[in-house]
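# Structure at a glance
Here's the letter readout for the chains.
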Amino acid sequence: MSKILFINACVRKESRTLALAREIAKQLQGEITEVNLEREQLAPLTEQTLSEREALLKNGEYGAPMLRYARQFAEADEIVIAAPYWDLGFPALLKCYIEQICAIGVTFAYPEGKPQGLCRARRLSYVTTAGGKIVHDFGYAYVKALANTFFGIGDTVCFRAEDLDYTPITAENVVDAAAVTVIK
Ligand SMILES: Cc1cc2nc3c(=O)[nH]c(=O)nc-3n(C[C@H](O)[C@H](O)[C@H](O)COP(=O)(O)O)c2cc1C
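We now turn to the structure provided with this report. Every value quoted in this text rests on a predicted model; they were computed, and no experiment measured them. (Residues numbered from 1 in each chain as written. Predicted model: local features only at pLDDT ≥ 70, side-chain atom pairs only at ≥ 80, totals over all residues. Heavy atoms only, no water.)

### Here's the deal with the site of the ligand
Among the 14 residues in the neighbourhood of the ligand, the closest are listed as Ser15, Thr17, Tyr85, Thr129 and Gly132. Contact between the ligand and Ser15: an oxygen atom at 2.6 Å from a side-chain N or O atom of the residue. Gly132 has a polar backbone atom sitting 2.7 Å from an oxygen atom of the ligand. If the ligand stood free it would expose 630 Å²; the protein chains cover 75% of that surface. (Near = heavy atom within 4 Å. Polar contact = N/O pair within 3.5 Å; in protein donor to acceptor, adjacent residues only side chain to side chain. Areas by Shrake-Rupley, 256 points an atom, 1.4 Å probe, with all protein chains shown as cover.)

### So, the sheet that holds strand 1 (residues 3–8)
If you walk across this open sheet you meet the 6 strands as 2-1-3-6-7-8, and the pairing is mixed. Because the sheet does not close on itself, it has two edges, and the strands there are strand 2 (31–36) and strand 8 (180–183). Direction aside, the axes of adjacent strands within the sheet are offset by 20 degrees on average. The pairing of strand 3 (residues 78–82) with strand 6 (residues 123–129) spans 5 bridges and is classified as parallel. Across the sheet, Ile81 pairs through a bridge with Tyr126, a residue of strand 6. Contacts from helix 1 (residues 16–26) reach strand 1, strand 2, strand 3, strand 6, strand 7 (155–161) and strand 8 within the one sheet, and its direction differs from that of strand 6 by about 150 degrees. (Pairing = 2+ DSSP bridges. Helix = DSSP H or I, 4+ residues; strand = E, 2+ residues; numbered from the N terminus. Axes fitted to C-alpha atoms, helices over the stretch in contact; angles between N-to-C directions. Contact = heavy atoms within 4.5 Å.)

Here's what the structure looks like:
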């Protein structure tokens, strides 16, 4: 069965992004595994954790617990990221997660000064909702660049609903009431 990795970077309890992303994930064929970033002990890489990780990667200790997010990401057949549009991008929690998955030897290789993807996923879907208009899309654009350049995931798609803070759109009615734009 196809393995769908659902990365939940939503913060609010009544998150409309999460409701929309769950509906989109439901349409996919496969078994969904969710990583709720708020429940993980995610932190930015520090001098200590970075050197620990570099030592693991240098020694090829890819089974180490510290590399679990990267392994899980690399092994998924399909990826869905749910992240609200915050400060023209996404919540910092997602950046902490991205630091964890950008691991050389697990999600990508760097053989001749050029990244080479090691991820299995054939597609990455990014779901976001915004209070106003998404004018500068630093969230999806960044994730797409990583997927295409580092991870070797060529097919990326963004589902987005805008202007939600000026309409009575809630987590309960977002699937039926929001206008969703699909961007490649
Ligand atoms: C910390 C924070 C930053 C935000 N930044 C933006 C922004 O830059 N542009 C915008 O249009 N809306 C912004 N919003 C509004 C959210 O994008 C909007 O409410 C979105 O639908 C939240 O998704 P949620 O319902 O899943 O929490 C921000 C909201 C928060 C809480």
